[in-house]
Structure formats: C-alpha cells, structure tokens
Amino acid sequence: QALEDHYSPSRWSPRLDRDTIIDAHLAVTAAGTERARASAQTLLHVPYGSGDGEKLDIYFPTDPSETFPVLVYIHGGYWQCLSKDDSGFAAPPLVSQGVAVVAVGYDIAPKGHMDAMVLQVRRSLVFLVQRYPRIRGIYLCGHSAGAHLAAMVLSTDWTEFQVVPDIKGAVLVSGVYDLEPILHTYVNDALNMSREVAQRNSPMRHVTPAVPAACEVLVAVAQHDSPEFRRQSQEYSQALRAAGWSVSLLDLADVDHFDVIEKLSEDSYILTQVSRRAVPR
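For clarity, every value in this text was computed on a predicted model and none was experimentally measured. (Residues numbered from 1 in each chain as written. Predicted model: local features only at pLDDT ≥ 70, side-chain atom pairs only at ≥ 80, totals over all residues. Heavy atoms only, no water.)

Q: Talk me through unusual backbone geometry; I want residue IDs and the actual numbers.
A: With an omega of 5 degrees, the peptide bond between Ala 109 and Pro 110 qualifies as cis. Here Pro 110 lies in the loop between strand 4 (100–104) and helix 4 (114–131). For Tyr 78, which is not a glycine, the phi torsion comes out positive at approximately 55 degrees. Note on placement: Tyr 78 falls in the loop between strand 3 (68–74) and helix 3 (91–95). Tyr 78 gets classed as buried once you look at its relative accessible area, which sits at 10%. In this structure, Ser 174 takes a positive phi of about 50 degrees despite not being glycine. Here Ser 174 falls in the buried class, since its relative accessible area comes to 0%. (Helix = DSSP H or I, 4+ residues; strand = E, 2+ residues; numbered from the N terminus. Buried < 20%, exposed > 50% of the residue type's maximum accessible area, 1.4 Å probe, protein only.)

Dropping the structure here:
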C-alpha cells in the first residue's frame, strides 16, 4: 500500500484533490496545445514509422534560420495515457526564440509494451535526423514516464541505427528511473512488465560512462512530488555524475507533479528559462 501511495502522484499535491488534479492537468495541457497550434507553423501527425502511435507533431520556429535547434518533448501519463495531441503546450516560448519543438507519439499500454515504447522514441530521433538535415542539435525534454523514456534514449547504443543523433542536452522532469518498484503497484496492471523487462528498461541500471561529447543533463523534481519520485531523481542524477556526466539537479519549489511541467508554457517560469538557456539559438 505504501508503494501504491508513493507511485500515485495525484495524492501528493496540496493544490487539488486526487480526483480533480488529473482532469485539471488534461485541461491545461490540451488548452495550451490548442494555443500553440493556433500561433505556430506546424506539421501535425507526421509518421516516423508504420505503427498507429508512431507520429510526431512539429512546431516550427517563428523565424527559422538556415539551421535550428530542436526540443523533442516526450509526454508522461505512466506509459498508458496522454498523447502527443496535448503535448505542444511548451512550444510558444521556444518557437518564438528560434527553436523547433517536436511532440513525440508512441504506442501506450496496453497496446504498447515497454520495450516497444523505448524503441519507438529512439526511432523517432533517427527519423528527425534523416528527414531534417537543418536540425542543429537535439534537446530532449520528458515528463514523468516521458522522462524515463528520454533517459533510456541517453543509454542508447546508436550503432544498430546507423545514425547518431546530435543530442546536446536533456531536461528530465519528475521521472521514474528504476522501474522495479512499479512492478508491485497498480501501474503495472496495464504495463504487464516482468522483472526482466523492468530491469532492461531501467535507466538507473544502464548508465553508460560519459563520452567526451556527452550532453548536459538537467534532472528536475517538484517540491510536492512523492518521496519516491524525489529519491529516484536524486539517485539517478548521482549515478550519472558518478559515470562522468555533467548533471544538475533542480528542486523546484511550490510545484507538484503536474504543474511542474504545465508551467513550461509560461515565459517567466524558472524551468522555461533554464530550458531556454540550455538550448542555444
């Protein structure tokens, strides 16, 4: 029961009760995405593979120069809800600064299983690099389950893909980096992971030694994330640092698991400003 509580982010917010906070989150991200689509030049539902969920939404910079950096956003939803269709809310502050934003779709559970989701996100980057030669550096941003998928991208052996994306930075927000505790909670009902699958897809277990060109990683966690989410963020950032990665751990005050990412649509939000500084135009 204790684990169930610790892996139920909706229980830890002082703002709203657990029944309304998820609905409120969906409403905020959907409305923010609608605004972003209305204000930016977009290419929606771009297939990067043949699967139903294998599509991207691309928000182009207001003033695309010859080359432009790209922030790839990977949505959360515990690998079983949400989609790219409400994942464009963070685009406006970035596209106005010459950065393209790409929201990645993937097959969520029960249709998708963990190995497949990790592979889909990796393949979406390969597609972007091959399709858009004008991209100048890729920056990953993932929230919750999306932070897990982004972290799995950092441990990719790209030789089998014959393409090495130029990943310059990663912003991992309120993520899960060790999937084993989840095996004992309701979260695994839809995911149906075995211990082997959980271990194989736990970034914490696959931290590679940093290469000279390794990107900078920002691990962000909310003040009102559960103790387990906070512990995981701390331990993953320590593991990266021990392996020679350049890591910052950002503990964000006065936010919970949901508005920690919702506020990326606001120019004045500290995480928006940090992300902007991390993505040189």
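Q: Please set out the sheet that holds strand 3 residue by residue, giving values where relevant.
A: Pairing between the strands of a sheet comes from backbone hydrogen bonds, and it takes one of two forms, parallel or antiparallel. If you walk across this open sheet you meet the 8 strands as 1-2-4-3-5-6-7-8, and the pairing is mixed. Across the chains shown, the open sheet's two edge strands, defined by having one partner strand only, are strand 1 (41–47) and strand 8 (246–256). The sheet shows a mean angle of 20 degrees between the axes of neighbouring strands, taken without regard to direction. Bridge count for strand 1 against strand 2 (residues 55–60) is 5 bridges, and the pairing is antiparallel. Bridge assignment links Val 46 to a residue of strand 2, and that residue is Leu 56. (Pairing = 2+ DSSP bridges. Axes fitted to C-alpha atoms, helices over the stretch in contact; angles between N-to-C directions.)

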